[in-house]
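# Observations on the three-dimensional arrangement
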Amino acid sequence: MLARNFTRIARLSRGFATHAPSTSTSLPAVLHLKTGQSFAGRSFGAPRSIWGETVFSTSITSYTESMTDPSYRGQILVFTTPLIGNYGVPQNKTPVDDKDVGVVLESEKIQCSAVVVADVAEKFSHYTAVESLSSWCARNGVPGITGVDTRAITRLLRDQGTTLGRLAVGSDASLAPPRPEEYWDPTTENLVDQVSTKTPYELNPKGDVKIAVLDFGAKANILRSLVRRGAAVTVLPWNFDFNKIRDQFDGLFLSNGPGDPNHCMQAAMNLRRTMQEWDKPIFGICMGHQVIGMAAGLEAYRMTFGNRGHNQPVLALASSGSIKAGRVYVTSQNHQYALKLQDPFPAGWEPFFINCNDSSVEGIKSTAESGKKVWGVQFHPESAGGPLDTIEMFTDFLAECRATKLHLNIPRSQPMDAAKVAPQLTHEMPQRVTVAA
């Protein structure tokens, strides 16, 4: 009996954590920064060297969601949290239905160019984990470096701003640092065009309210947040002219995305016409917020090091739906660019949120006098890793879409007071959208 109990204890102990491949057999690696600093460590993941823009994130959890966020395209991601990989990586597949959009994480693959961690976990433990961070990176062709002082790297980036970098792995690690002119700047390319869908597709076609999403690099949880609130979603390429099909929809959503928003001026010009001629609700997040701002006449500028992490406080300057003026909300963010705060603001617009740390613009909205229903926020209300202080903004947006749809469907012969009586919304199958090329 005693031996049987010891056997049971041994079996339990083996189930506590799964060993990942040891980094002791990994290759040497060096992170070079364009400003002249180099940090030597050991590689994990894919045994290859890369170029990119070195940025840091203060998020403590959700490294898998961060790494699959298309907004990190072209970037070498430095995690300030010392231990990364301790809960492994889950299976990244779900059904596509009225609850899910095909993936568990934010996209189908790792989007950042490389990762930098102080200590990569050699053991991982989580009931949904199927592989280690190291093997996941190797399978996706993404290199990583561990054993470096991420505190020193973060202080450099904080003081001098986001810096171009080179992660040299294996034999490349023994070479001299690159010359300044050799560094590649990903923001010179249209990264949005690289991550946006090339063809339109639908999610939850049985939803009771039809939402078009301009995909600048949409995180899956944005689409999931719309679908789970009953929306029928049609995802469109970033540069698609929504004006061609706008009357088929009850609202327009502009997603997040990577890089310089000035590469998306075509989308901003299309949106300007939409906002002038169309009175249905429009909501934008991150890159979508910046595109709305440019369409309204505001200027986007590059910040010193941007805001990336799950703990950015923002102050609401106006009330709208679940958002109350004067309240501070804790938000998740990932952006290098922001809209300039100017006085006066463009006619028909007002600031919505401001960052409590650096006073950057965190949101804009159309004024009540404009007769429009347009909102944009720099942060992510839907952040899969939290916080969820502002998640109800999705509910607010869809409530406005449903109210507008109901109002427009009231026959003209009926008095306007009829709009106050809310009949039951039907759940009939909507007509399939035909999108012109």
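What you see is a predicted model, and the numbers here were worked out from it, not measured in a lab.

## Considering the sheet that holds strand β16 (residues 231-237)
Ordered in space as β14-β16-β15-β17-β18-β23-β22-β21-β19-β20, the 10 strands form an open sheet in which the pairing is mixed. The outermost strands of the open sheet, each flanked by one partner alone, are β14 (201-203) and β20 (328-339). Ignoring which end each strand starts from, the neighbouring axes of this sheet average 25 degrees apart. The sheet contact formed by strand β19 (residues 300-316) and β20 spans 10 bridges and is antiparallel.

## Focus: unusual backbone geometry
Of note, the amide linkage connecting Asp343 to Pro344 takes the cis form, showing an omega dihedral of 5 degrees. Even without a glycine there, the phi angle at Ser62 is positive, about 70 degrees. Position of Ser62 among the secondary structure elements: in the loop between β4 (50-57) and α2 (63-67). Positive phi, close to 50 degrees, is recorded for Asn204, a residue that is not glycine. Checked against the element boundaries, Asn204 lands in the loop between β14 and β15 (209-215).

## Re the pairing of strand β2 (residues 28-33)
By the criterion of burial, β2 is predominantly enclosed, with 5 of the 6 residues buried. With 5 bridges joining them, β2 and strand β3 (residues 38-45) adopt antiparallel strand pairing. Bridging from a neighbouring strand, Leu31 pairs with Phe39 of β3. Once β2 ends, the chain turns through 4 residues before running back antiparallel as β3, passing Gly36 with a positive phi of about 110 degrees. Of the strand pairs in this sheet, β2 and strand β13 (residues 163-169) are connected by 5 bridges, and their pairing is antiparallel. The residue bridging His32 from the neighbouring strand is Arg166, located in β13.

## A few points about the confidence of the model for the protein
In regions of low pLDDT, the predicted coordinates are not meant to be interpreted in detail. A residue-level look at the protein finds 88% of positions with pLDDT of 70 or above and a mean pLDDT of 90. Ignoring residues within four places in sequence, the model shows residues 1-14, a span with pLDDT below 50, making 0 contacts including any to other chains. The low-confidence segment residues 412-437, where pLDDT is below 50, has 33 contacts with residues more than four positions distant or belonging to other chains.

## Structural notes on the environment of Gly306
Its location among the elements puts Gly306 in strand β19. Residues Gly306 and Gln333, spaced 27 residues apart in sequence, show a C-alpha to C-alpha distance of 9.1 Å. Leave out the neighbours within four places in its chain, and Gly306 touches His335 and Gln336.

## With respect to the sheet that holds strand β8 (residues 114-116)
What the 7 strands build is a closed barrel, ordered β2-β3-β12-β8-β5-β4-β13; its pairing is mixed. On average, each strand axis in the sheet is inclined to that of its neighbour by 35 degrees, with strand direction left out of account. The sheet contact formed by β4 and strand β5 (residues 75-79) spans 5 bridges and is parallel. Residue pairing for β5: Glu53 is matched across the bridge by Gln75.

Conventions used here
- Residues numbered from 1 in each chain as written.
- Predicted model: local features only at pLDDT ≥ 70, side-chain atom pairs only at ≥ 80, totals over all residues.
- Heavy atoms only, no water.
- Pairing = 2+ DSSP bridges.
- Helix = DSSP H or I, 4+ residues; strand = E, 2+ residues; numbered from the N terminus.
- Axes fitted to C-alpha atoms, helices over the stretch in contact; angles between N-to-C directions.
- Buried < 20%, exposed > 50% of the residue type's maximum accessible area, 1.4 Å probe, protein only.
- pLDDT = per-residue confidence, 0-100.
- Contact = heavy atoms within 4.5 Å.

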